[in-house]
Structure formats: C-alpha cells, structure tokens
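Report on the structure
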Amino acid sequence: MGGDSTEATAKPKRSFYAARDLYKYRHQYPQNFKDIRYQNDLSNLRFYKNKIPFKPDGVYIEEVLNKWKGDYETLEHNHTYIQWLFPLREQGLNFYAKELTTYEIEEFKKTKEAIRRFLLAYKMMLEFFGIKLIDKTGNVARAVNWQERFQHLNESQHNYLRITRILKSLGELGYESFKSPLVKFILQEALVENTIPNIKQSALEYFVYTIRDRRERRKLLRFAQKHYTPSENFIWGPPRKDQSEASKAQKTPGPAASGQSSQTSLHKKSKDAKNSSSSVVHVNSKTAEEKKGGPGEPGEETDGPSAEPGSEATGPGNAETDGDADSSEPQPAKAPNSPVEKKESGTPEKDEESESHDKDCGNPGDAGSHDDVPSQ
C-alpha cells in the first residue's frame, strides 16, 4: 500500500521529446522539413473523394463511415485506418499512408466533399471515445454511451496517441478552432469529474500543446492548474508566487557580493568627484541623447526555441516566467545535423501499435530515452 501511495503521488516530469515534436508542429515543421510539392499524388485527398481505398486494407472512406461507425471492435483493433482518416505532414506507422503537403492541404480545404467526410470521420471517432460534437463551432459533450466508453478510454492508452493525431490533423485541415473545446472537455473530465483520470498526463503534455494560439494554451493551463491535485505537482504552468519568492531569496548576494558593491560605490563616488568640472558639457550631451530616444523597451515575448533546452527534471514549475503560463514549456534547441537528429526527424509517428505509450505518460522525463519515447 505504501509503495502504491508513493507512486500515485510522485511528481510527473516533462518530456523534452514531446515538447520538441509539438513545437515543430505548431511552427509548421521549421527544422529539417521538406515539402515535396510535386512528388505527392494527393493520395489523402483522393481517398476522401472516395476515389481510392486506404491501404493496405483496401477499404473506401464511404465504407468506413457507414459500416465502421459504431463498430468499436474494429475501430479499436485496426491500426492502419487512423493515418488515412487524419493525415499529417509527418510519416506515421502505416507506410502506405502518404504525408500531407501544403499544396494538398490547400486543395483539401477547397473540396467540400472531402471536408464533409472529414467531419463525419471526426464525429465517428468522438463517438468511439464517448463524446459527441454538438455544434458547428466545435463544442462537445458526453455522448449517450459515455460511461462505457470513458471506462474503455481510461484503460486503453494507445487511444491517447490517436487523440493527439486527430488534434494535429484538425489544425492542418482548417479546424484549429475545434481543438480547444475538445481539450477543455477532456481536462474537465480528467481533473474535475475524475471519469478518465489516466488521460491527464497526455492531455497536459500533448493535447494542450497541439494548440497553436498561445492565449488558448494559457487559458487551458490555468484551468488545469486550478483543478490539478496535488497542486504542488502541477509542472506545466508558471511557478506559484511563494515558490518564486523563495527562489529569489536563494539568489540574494552574500557578504562577498556586498563588499564588491561597496567598492563599486566608492569608485563611482571618486569618479563623480573627478568629473564634476565637466558637468555642463555632460548635461548638454545628455539632453541631445534624450532627444534621440533612450533604449528600446524589451521586445515582445517570442515562442521560439531557447539556446539550450532545459533539463526535463527541472520542469516548468522551476523556470523563471513573466506570467505566461506557456513560457515554461520546454523549448527545443536547434536540431543538429547529426544522423541521430535526422533519424528522429524522420521517425514514423508511433500513433498506433505502441502500447508502451504509458512510458511517456507515466514518466516521460527520462532524459536518456528521447529516441525511445513514441511520438504521438
């Protein structure tokens, strides 16, 4: 019992691998990304136009939408359809599925037939999770079968990978606004209602950070921080005031620093006395400088990567912040052009078969296993 209690209250850790993956997604894959505009045959769009079946199963989209809807056994155990229903600009485990390109995305958004089926596929998967779409703005609620499906969702963590893929795909194909309502609903059920508690780590580590609008992410993080228990284990937002003050107190200069300050002060006084005779010239010079304008205000905070990625063990809760709940997100450094990075950049998104996702959910902060943690 004691061991279980200790494990249940263990402080979670951030996954640098997840932070880097989602940073690339939010910023349109800025590193090592090649958009093959002319080699892609628009397979995703043709599939959604019911022109070709998805491979390797050979099933058309109309059959999926009509015959697989409500067939939870098939939706649970088939691992090749999800990459076709929710395409991304990343390679998934199904190597028959083609990556999206910017050109294909533009064409997809202009094709009403494809968009209509895409939304039907989204509704089908929501129902599979026990959720229903209630309006055209993306708001969701519990489905009729929510109790049975939530229990299943709480126990089948590979579906958290599917949710991450679905959220990413919504953003790529013109439904970015649908993401916040779904993530907020999941956080509510996980943190407040306690109906799917096992999903909270993935929700905070992955789902929230698929959202490109920083203000929306901050709202969700504030909501989560308010309801997260134990509150001291919440590591995704800014540090609490008492923690911040304690950190500042630790940084207070010691006696040696005070002595150095005194010497600096004496030196300054001596220098001021020495230069007092030329004060008139300095005043005129100062006035001219003021007319030109003083130093500029600090620039707006950017969402770019820091020079060096922070240690996962450090966590956002210990990072300095200017009040932006998202500023504590581990920021990836520029990816080196090494074989390892190229391998990671091209690593298939393991959004399916990997049942070991709980390694990243339960303890994603293992700094030595970035290559082993499955990308969602």
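Before going into details, it helps to say that this report is about the structure given with it.

Quick notes on the rules
Residues numbered from 1 in each chain as written. Predicted model: local features only at pLDDT ≥ 70, side-chain atom pairs only at ≥ 80, totals over all residues. Heavy atoms only, no water. Helix = DSSP H or I, 4+ residues; strand = E, 2+ residues; numbered from the N terminus. Expected span 1.5 Å × (residues − 1). Buried < 20%, exposed > 50% of the residue type's maximum accessible area, 1.4 Å probe, protein only. Axes fitted to C-alpha atoms, helices over the stretch in contact; angles between N-to-C directions. Parallel < 35°, antiparallel > 145°, perpendicular 65-115°, else oblique. Left-handed = near helix turned anticlockwise from the far one by under 90°. Contact = heavy atoms within 4.5 Å. Nonpolar A, V, L, I, M, F, W, Y, C, P; charged D, E, K, R; others polar. Phe/Tyr/Trp six-rings, centres within 6.5 Å; stacked < 30°, edge-to-face > 60°. Lys NZ or Arg CZ within 6 Å of the ring centre and 35° of its normal. Core = buried A, V, L, I, M, F, W, Y, C linked by side-chain atoms within 4.5 Å. Salt bridge = Lys/Arg side-chain N within 4 Å of Asp/Glu carboxyl O. Polar contact = N/O pair within 3.5 Å; in protein donor to acceptor, adjacent residues only side chain to side chain.

Quick look at helix α8 (residues 112–129) now. Compared with an ideal rise of 1.5 Å per residue, which puts 18 residues at 26 Å, α8 spans 26 Å between its outermost C-alpha atoms and is within 8% of the ideal. Within the span of α8, buried status applies to A114, I115, R117, F118, A121, Y122, M124, M125, L126, F128 and F129. One or two positions beyond α8, positive phi appears at G130, with a value near 95°.

With that settled, the discussion passes to the environment of R218. Here R218 is to be found in helix α13 (residues 214–227). Under the relative-accessibility criterion, R218 is labelled partly exposed at 23%. Sequence separation between R218 and V208 is 10 residues; the distance between their C-alpha atoms is 9.1 Å.

As a further point, take the packing of helix α2 (residues 16–26) against helix α10 (residues 158–172). Packed helices, taken two at a time, are described by the angle their axes make and the gap between the axes. At their nearest, the axes of α2 and α10 sit 11 Å apart, and the two run at 20° to each other. Comparing the axis directions of α2 and α10 gives the class roughly parallel. Crossing of α2 against α10: the hand is right-handed. Only L167, K168, G171 and E172 of α10 make contact with α2, whose side of the interface consists of D21, L22 and Y25. Residue composition of the contact of α2 with α10, grouped by class: 3 nonpolar, 1 polar and 3 charged.

All right, on to unusual backbone geometry then. One can expect most non-glycine residues to show negative phi and most peptide bonds to be in trans. In this structure, P56 follows K55 across a cis peptide bond, with omega equal to 10°. For P56, the location among the structural elements is in the loop between α3 (43–48) and α4 (61–68). Looking along the chain, the bond that leaves T229 and enters P230 is cis, with omega of -5°. Position of P230 relative to the elements: it lies in the loop between α13 and α14 (241–250). The phi dihedral of N50 is positive, around 65°, even though this residue is not glycine.

Moving on: the packing of aromatic side chains. Two descriptors summarise a pair of aromatic rings, namely the distance from one centre to the other and the angle between the planes of the rings. Within the structure shown, the criterion is met by 20 aromatic pairs. On the numbers, 6.2 Å between centres and 85° between planes, the contact of F47 with F54 is edge-to-face. Ring pairing ties together the aromatic residues F47, Y48, F54, W68, Y81, W84, F86, F108, F118, Y122, Y175 and F178, which thus form one cluster. A cation over an aromatic ring shows up here: R142 above the ring of W146, its NZ or CZ 3.8 Å from the ring centre. Over the face of the ring belonging to Y25 we find R212, whose NZ or CZ atom lies 4.2 Å from the ring centre.

The next thing to look at is the nonpolar core. A general trend in soluble globular proteins is that nonpolar side chains are found buried together. Judged by nonpolar contacts, the single largest core of 70 residues is most densely connected at L85, M125, L187 and F207. It is α8 that contributes the most residues to this core, 10 residues altogether. Setting aside residues no more than four positions away along its own chain, L85 makes contact with F47, Y48, I61, V64, F118, A121 and M124.

Below, the discussion takes up helix α11 (residues 179–192). Over its 14 residues, α11 extends 19 Å from the first C-alpha to the last, a length consistent with the 20 Å expected when each residue adds 1.5 Å. Among the 14 residues of α11, 11 are classified as buried, and the element is accordingly described as predominantly covered. After α11 finishes, the residue N194 shows a positive phi value of roughly 60°.

The subject of this paragraph is the environment of S43. Structurally, the position occupied by S43 is in helix α3. A sequence separation of 53 residues divides S43 from Y96, and the C-alpha atoms of the two residues are 9.9 Å apart. With residues up to four places along the chain from it excluded, the contact list for S43 reads I52, W84, K98 and E104.

Quick look at the pattern of salt bridges now. This model, assessed by the stated rule, comprises 17 salt bridges. When the shortest N-O distance is used, the salt bridge between R149 and E148 registers 3.7 Å. A single network of salt bridges, built from pairs that share partners, joins R89, E172, E176, K179 and R212.

Glancing now at the side chain of R89. Looking at the element boundaries, R89 is found in the loop between α6 (82–85) and α7 (102–109). Looking at R89, its side chain comes within polar contact range of the side chain of Q28, at 2.3 Å. Of the polar contacts made by the side chain of R89, one reaches the side chain of E172; its length is 3.1 Å.

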